[in-house]
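Listed below are the residues making up each chain.
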Amino acid sequence: MSTESVTGWNREAMAKRAALDIPNGAYVNLGIGIPEKVAQYVPEGREVIYHTENGLLGMGVAPEPGQEDPELINAGKKPVTTIPGAAFFHHADSFAMIRGQHIDICVLGAMQVAENGDLANWSTGAPDAIPAVGGAMDLVAGVKTIYVITQHCTKDGEPKLVSQCSYPLTGQGVVSRIYTDLAVIDVTAAGFEVIELAPGISFDYVQARTGTRLIAGKQLAA
Amino acid sequence: MSTESVTGWNREAMAKRAALDIPNGAYVNLGIGIPEKVAQYVPEGREVIYHTENGLLGMGVAPEPGQEDPELINAGKKPVTTIPGAAFFHHADSFAMIRGQHIDICVLGAMQVAENGDLANWSTGAPDAIPAVGGAMDLVAGVKTIYVITQHCTKDGEPKLVSQCSYPLTGQGVVSRIYTDLAVIDVTAAGFEVIELAPGISFDYVQARTGTRLIAGKQLAA
Amino acid sequence: MINKHYGSVASAVADIHDGATVMIGGFGEAGSPIELIHALIDHGAKNLTVVNNNTGSGHVGLAALIENKQVGKMICSFPRTANSTVFPDLYRAGEIELELVPQGTLAERIRAGGAGIPAFYTATSVGTPLAEGKEVRTFDGRDYIMERGLKADFALIKCQQADRHGNLIYNKTARNFAPIMAMAATTTIVQAGAYVEAGEIDPEAVVTPGIFVDRIVTVAAPAQESLLVAAGRSYP
Amino acid sequence: MINKHYGSVASAVADIHDGATVMIGGFGEAGSPIELIHALIDHGAKNLTVVNNNTGSGHVGLAALIENKQVGKMICSFPRTANSTVFPDLYRAGEIELELVPQGTLAERIRAGGAGIPAFYTATSVGTPLAEGKEVRTFDGRDYIMERGLKADFALIKCQQADRHGNLIYNKTARNFAPIMAMAATTTIVQAGAYVEAGEIDPEAVVTPGIFVDRIVTVAAPAQESLLVAAGRSYP
């Protein structure tokens, strides 16, 4: 199943597409990797407040080289900056924001997403792996809306969107929408519904790379 | 049972006696009434930090007339001041200090104390009373050491130190020591033990005004 | 642009519905959002469940809201005051319900509600009448009772200064329940002594981060409840 | 006079006993009390249970403590780092125990331990391997698991400034776990960038009130962990 001739969205385009769904005034937590890129593509005129679970609301862009402060970092332990109106707080308060459903949107990566919204993104369950979960389970259990950005398939071409996760779960029924290199897909009561296709990508092409039945959304007909 | 000819300690003397038992560096919460007076009698050279459950550590003395601030009050809703090194915090943090056993000593009034340390000080259980508990139950359940300052008997001459409380409890087995107008009494596994008598007061005099058997402490023989 | 600022206390409370649960900040008069409470009296929503440590003083603020028969139930720790018979009279007449909660348990229930904790265990009130009917459980040899987190539809609170993002700082012991009520309410409405641009409050000194704040009204010179009570004022 | 100041990191950690539970502040290197950790390495207490979000970097600080075989068990959320194999190697060799806890549950367990809450319910990890063996309970139609409060014998934390009473303020995201660990430990040991007289910290801006602090050591110019790691340093 070669994908050489069809590229779909690249990482930047995936982040850009997800950014369209971040409304003005939202409190947003962005996971490590492609999700981090969402911040730079939020349409102009929208003011979004970024939360990082290690104790900061109002996270700004990465600092200029040489301006890094080892005591001003994000959850990925990378140097960040603050915007005017930022606030620092301790870890229990930070996760009270998460667990208490005060964060509007969290954008995360995924290893697998099941059609019922189950998410696996912390462990392959391999016996020799060092288990490490961080804040992923707290985020998916607590944030109001969970978006996933992920390549549609693994590097080996295996589908990441599946009928049931084979990896250990991060949370049950938590994902609302998935942005892949091929499509934008909603998790609905009926299953995965494709609401948008990347340029040059057909529904059948996406279906062929998905581990469960897809629904073609009304939007695709337009 | 007249007490006219025998006065025992007055309110000031009771507070003064209790103050001797407040060590340097203690974090202390003082109840309304006679307990409040303890602060002014702590021996010189001891630095004590007063907690008030409405969100202040480092409470100072009452303000000069005209200097009252309606937003700087104690748990009894009276104006107070702060000492250098004070800290303000919210109610959940304040009661985390109490419930989490961070406050060393709380001095409270009492309606009844039982020989097993049970305390009743919030309600007579009268059917027409408006029940009101405030922070009393939190304090007795959470503070490391609970001292009671109380008149030995009610205004009607009824004993307040009893074998079992007849009033609704504030807490079970919580009181360590009682300072009355007649004596200082420890709550021990064997029951009430008189460790000190007010000037001119005999053990038998105290026993006659107590609702259960008293133990004469070794200290009394000296 | 984020804009949480409302032009009037009336507009800020206009959607508080009959039957709503409303947390009201303040310990006695310290931190009591009296202008917001009076706006709620003008607004007229009825059958409210109100969460506050007390039940108000005199015939203004919370006592006036109760006197105006807008409160069906009070959840509080200390419904008695030296200078108000509003609540006691209605309570004895059976016209208002009371859920009496120890003050620290009340604070923790509110904090839990805001932190997504549906229930927790505490030793407070074990063996007392306030533990009756509650689950008792032993941990490490000590008995505890289970208490539930407490949420609200609205919180009305008062602060010293708010910035455009809703970050708040308070004044001394007027802080009390406000930060946790802001966490526990779906919609948190703040009367601020001053309203400033984002960035004017030190990020290290923010007490309530803006994520917990929905509406801000500037009330630069709030009334002092005790002065109103002393002057024999009543509202409306 | 209250005096919590110790003359050296060595004297401040001298009574940490074998088998103690030690909470160590920091999220990665931000807030890591590296001088106190190194003093604990010099001190040599063994079979410690250490609570930290991570397991350290390189061969200094927490990673060095682990490498020195002083830690019998780690309680943490994320024991992997890009630049350390100390924990993974010992873990695979079966020489160190791991209790993996979701980060927010870890924070809440520590806060609960400090607040006298023996247990609470959370939706985090329901339906995942980390919920196995834990009590599940339904509140208002949603499943939650019960988690226990977490206490420690000692906490080692780092702050920006401490006053004589032990009131603390922090620097940016170096705050992280320190305030709640200070609450949860019997003995809280602080390395402070500056030590000042009581009254020099604004009472409105205190983050950790002095009641939670037992010992303060001034470490005016703490080492920066990432620079030590980049330089290939190891401790001792």
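See the structure above.
Residues numbered from 1 in each chain as written. Chains lettered and ligands numbered in written order. Predicted model: local features only at pLDDT ≥ 70, side-chain atom pairs only at ≥ 80, totals over all residues. Heavy atoms only, no water.

A. Main features of the pairing of strand β7 (residues 142–148) of chain C. Residues and elements named next belong to chain C. Bridge analysis of strand β5 (residues 119–122) against β7 gives four bridges, and the strand direction is antiparallel. Note on β7: the bridge partner recorded for Phe120 is Glu147. Two strands pair when backbone bridges link them, and strand β6 (residues 136–139) and β7 are joined in this way by four bridges, in the antiparallel orientation. Considered in β7, the bridge of Arg137 is made with Tyr144. Here β6 folds back onto β7 in antiparallel fashion, the turn holding two residues, of which Asp140 has a positive phi close to 50°. (Pairing = 2+ DSSP bridges. Helix = DSSP H or I, 4+ residues; strand = E, 2+ residues; numbered from the N terminus.)

B. Focus on the pattern of salt bridges. Under the defined criterion, the tally for this structure stands at 43 salt bridges over all chains. The partner of Glu71 of chain B in a salt bridge is Lys158 of chain C, and the shortest N-O contact between them spans 3.0 Å. Of the two residues, Glu71 of chain B is situated in the loop between β3 (56–59) and β4 (82–88) and Lys158 of chain C in strand β8 (residues 152–163); the pairing between them involves two chains. Pair check on accessibility: Glu71 of chain B and Lys158 of chain C agree, each one buried. Among the ionic pairs, Asp140 of chain C bridges to Arg148 of chain D, the shortest N-O distance being 3.1 Å. Linking Asp140 of chain C in the loop between β6 and β7 with Arg148 of chain D in strand β8 (residues 142–148), this pair reaches from one chain into another. The exposure class assigned to Asp140 of chain C is exposed, which follows from its relative accessible area of 72%. In this structure, a network of salt bridges that share partners links the residues Arg17, Asp21, Arg177, Asp186 and Glu196 of chain A. (Salt bridge = Lys/Arg side-chain N within 4 Å of Asp/Glu carboxyl O. Buried < 20%, exposed > 50% of the residue type's maximum accessible area, 1.4 Å probe, protein only.)

C. Spatial organisation of the sheet that holds strand β7 (residues 119–120) of chain B. All names here are of chain B. Pairing is mixed across the open sheet formed by three strands, whose spatial order is β7-β6-β9. Each edge of the sheet is formed by a strand with only one pairing partner; in this case those strands are β7 and β9 (161–162). Across two bridges, the pairing between strand β6 (residues 112–114) and β7 is antiparallel. Across the sheet, the residue bridging to Val113 is Leu119, located in β7.

D. Summary view of the interface of chain B and chain C. If you look at the interface, chain B gives 36 residues, while chain C gives 45 residues. Buried surface at the junction of chain B and chain C, both sides included, amounts to about 3300 Å², of which 62% is carbon and sulfur. Interface area lost by chain B to chain C is led by Glu71, His91 and Ile130 of chain B, which between them contribute 22%. Counting the contacts that link chain B with chain C gives three salt bridges. Counting the contacts that link chain B with chain C gives 19 residue pairs in polar contact (both at pLDDT 80 or more). Contributing elements (two or more residues each) for the side of chain B that touches chain C: α3 (91–99) and α4 (136–142) of chain B. (Contact = heavy atoms within 4.5 Å. Buried area = accessible area lost by both parts, 1.4 Å probe. Polar contact = N/O pair within 3.5 Å; in protein donor to acceptor, adjacent residues only side chain to side chain.)

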